[in-house]
Amino acid sequence: MDFLLLLVMGKPLWMWLLFLGLVIGLLAFDLGVLHKDDHEIGVAESLRMSAMYIALGLSFAGFIWWQMDATATAQYLTAFVVEKTLAMDNIFVIALIFGFFAIPREYQHRVLFWGILGVIVLRGIMIGLGATIVDQYHWVLYLFAGFLILTGIKMLFVADKEHKIEENALIRFLKRRMHVTEEVHGHDFFVRKPHPETGRLTRYATPLFLALIMIEIADLVFAVDSVPAVFTITTDPYIVYTSNIFAILGLRALYFALAAILHRFAYLKYALSVLLVFIGSKIFVADLMGWEKFPPAWSLGITFAILGAGVAYSLWKTGTPKAAPIAAVAETRTEA
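Right, let's walk through the structure included here. The written sequence of each chain sets the order in which its residues are numbered from 1. Local features in a predicted model are, by the rule used here, given only for residues with pLDDT of at least 70; side-chain atom pairs are given and counted only at 80 or more, and totals for whole chains, interfaces and linings are based on all residues. Calculation of side-chain values draws on the structure's entire complement of heavy atoms; hydrogens and water are dropped beforehand.

Let's talk about helix H9 (residues 268-289)
Part 1: The way it works is that DSSP assigns letters per residue, a run of H or I at least four long becomes a helix, a run of E at least two long becomes a strand, and they are numbered from the N terminus. The span one expects for a helix is its residue count, reduced by one, times 1.5 Å. Over its 22 residues, H9 runs 30 Å from end to end, which matches the ideal 32 Å to within 8%, given 1.5 Å per residue.
Part 2: We define the bend at any residue as the angle between the axes fitted to the seven residues before and including it, ending there, and the seven starting there. Its axis deflected by about 40° at Lys282, H9 carries its strongest bend there.
Part 3: Trailing H9 by a residue or two, Gly290 shows a phi angle of about 75°, which is positive.

In structure tokens form, the structure reads like this:
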């Protein structure tokens, strides 16, 4: 059993296997027990699932504390909160994708479930490469930090920009290269049906498959922001990966609770932009102050303060008549 003690990216193999086993067990329980049959997930069920995943993610901080230390625990919690919040923007896009392809609510969980498998692999590859690069070239962290600051500033000016799914080049490419049905065929990603010209049975992709591809691509795009953000919090690959995956696991459940009330968070994107600027600036502030690293406890507290202010302001503004036009726009995007 000595092989379990082998170090993989700085941590014993058993710690990685334990985490992956936990994730696989959760996904098996989700699909095999909770959602064995296709059904529309209501707000109450969504909130219960979200609470379960958030509780598991927070509980894992206890394991981090047990195996590592209090500093690593604070870094994990900060990374978890940051990733969870940045994923909010992803929920807006997921709602647009489902609306564009007219995916019935009872099949949306199936798309998101299989999407999470791709996320686990893609995030693992990105984080593994990122950790290797940072380990060899520490100055890359300054590039990450500068990128986050520029991204945050850019978000301040394009926070209300609409995503136009119909103009996506990937959709046009897929429709040119493969047969695609216009209608949904239950929960199937592919179906066989007669070709209109030859009459032969031909495999067709359904809108569910296109929605799955678009959601995977959307997550990859958002990972370009979120993964560097977590690396500026900690360079430990284990903390980066576990916090990412736990945050994304709960994203699927949270989507069903928030999809109907996304307009209430119309101003949260501005808080996210400020958060990215703050995260990116930490490494420069630490250098100016002569610190080895920005204090993790301060980072966690400031992160909560920024996000709390964004949520409170959004709820206040969207609850007043003056905010009605913005809320209407956000709702239109969701239903598009």
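As for the nonpolar core
Part 1: Phe98, Phe231 and Leu249 are the most contacted members of the largest nonpolar core, which totals 93 residues.
Part 2: Note on definitions: a residue-residue contact is assigned when non-hydrogen atoms from the two residues lie within 4.5 Å. Setting aside residues no more than four positions away along its own chain, Phe231 makes contact with Ile127, Gly130, Ala131, Val134, Leu141, Phe144 and Val240. Residue types Ala, Val, Leu, Ile, Met, Phe, Trp, Tyr and Cys, when buried and joined through side-chain atoms within 4.5 Å, form a set referred to as a nonpolar core. Using a 1.4 Å probe on the protein chains alone, a residue whose accessible area is under 20% of its type maximum counts as buried, one over 50% counts as exposed, and one in between counts as partly exposed.

Digging into the environment of Glu183
Part 1: Relative to the helices and strands, Glu183 is located in the loop between helix H6 (169-177) and strand S3 (190-194).
Part 2: Judged by its relative accessible area of 37%, Glu183 falls in the partly exposed class.
Part 3: Spatially, the C-alpha atom of Glu183 lies 9.3 Å from that of Ile103, the residues being 80 residues apart in sequence.
Part 4: Contact partners of Glu183, with chain neighbours within four places excluded, come to Lys193 and Pro207.

Let's talk about the pattern of salt bridges
Where side chains of opposite charge bring their charged atoms close, a pairing between them can arise.
Part 1: Between Lys or Arg on one side and Asp or Glu on the other, a salt bridge is scored when a side-chain nitrogen of the former is within 4 Å of a carboxyl oxygen of the latter. Counted by the stated rule, this structure contains four salt bridges.
Part 2: Across the salt bridge formed by Lys11 and Asp236, the nearest N and O atoms sit 2.7 Å from each other. A residue pair is termed long-range when its members are at least 10 positions apart, and Lys11 in strand S2 (residues 11-12) and Asp236 in the loop between helix H7 (207-231) and helix H8 (237-258) qualify at 225 residues.
Part 3: Among the residues examined, Lys11 registers a relative accessible area of 12% and is labelled buried.
Part 4: Given the relative accessible area of 15%, Asp236 is considered buried.
Part 5: Between Asp219 and Arg123 there is a salt bridge whose closest N-O contact spans 2.9 Å. Remark: Arg123 occurs in helix H4 (residues 105-136) and Asp219 occurs in helix H7; sequence separation between them is 96 residues.
Part 6: The network of salt bridges with common partners includes Glu83, Arg123 and Asp219.

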